[in-house]
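# Residue-level structural notes
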Amino acid sequence: MTIELKQRRTLQERVEAIFNFIDLQKGVFPKSRLKEIGLNPHTAGKWLKLIDFIQNQPKIRIIQTEHNTLVEKVEGKYQALMRKMIIDETLPFEQRLQHVTDYLKSLYARERVTKLKSANH
């Protein structure tokens, strides 16, 4: 009689499995299909809410040095809102195009302010 131990997946492995599964789908699908990768509907719902929350946050950059891991904000709340509006298919294309322009201009302004602050310190 052989006893098989179920090894739990790491958080990284779970989220990679979710995104790999989503990439393989041809269109909209019910979350219950995530059972195919071992997630029950309740757990799948929790993961999807977490992913949605993270995707709506300002972008960050992880900088790995020899001895430290640094976190840099590369967007503010305004840029995160503009990025969300850019991909909102309910908005007219012209309005979305204007949001792209506003987003890039605000990123440029943010980068300039950051460079000026670091030059003064």
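Structure shown above.
Conventions and cut-offs
Residues numbered from 1 in each chain as written. Predicted model: local features only at pLDDT ≥ 70, side-chain atom pairs only at ≥ 80, totals over all residues. Heavy atoms only, no water. Helix = DSSP H or I, 4+ residues; strand = E, 2+ residues; numbered from the N terminus. Rg over C-alpha atoms; globule rule 2.2 N^0.38 Å. Axes fitted to C-alpha atoms, helices over the stretch in contact; angles between N-to-C directions. Parallel < 35°, antiparallel > 145°, perpendicular 65-115°, else oblique. Contact = heavy atoms within 4.5 Å. Nonpolar A, V, L, I, M, F, W, Y, C, P; charged D, E, K, R; others polar.

### Observations concerning the overall build of the protein
Helices and strands together make up the secondary structure of the protein, namely 4 helices and 2 strands. The order of helices and strands in the protein, counted from the N terminus, is α-α-β-β-α-α. Against the 2.2 N^0.38 benchmark of 14 Å for 121 residues, the protein shows a C-alpha radius of gyration of 20 Å, more extended than a compact globule. Principal axes of the C-alpha set define a box for the protein whose edges measure 70 × 45 × 20 Å.

### Observations regarding the packing of helix α1 (residues 11-24) against helix α2 (residues 41-55)
For the pair α1 and α2, interaxial distance at closest approach is 12 Å and the crossing angle is 90°. Considered as vectors, α1 and α2 are oriented roughly perpendicular to each other. Residues Leu 11, Arg 14, Val 15, Ile 18 and Phe 19 of α1 form the contact with α2, whose own contacting residues are Thr 43, Trp 47, Ile 51 and Gln 55. Of the residues in the contact of α1 with α2, the class split is 6 nonpolar, 2 polar and 1 charged.

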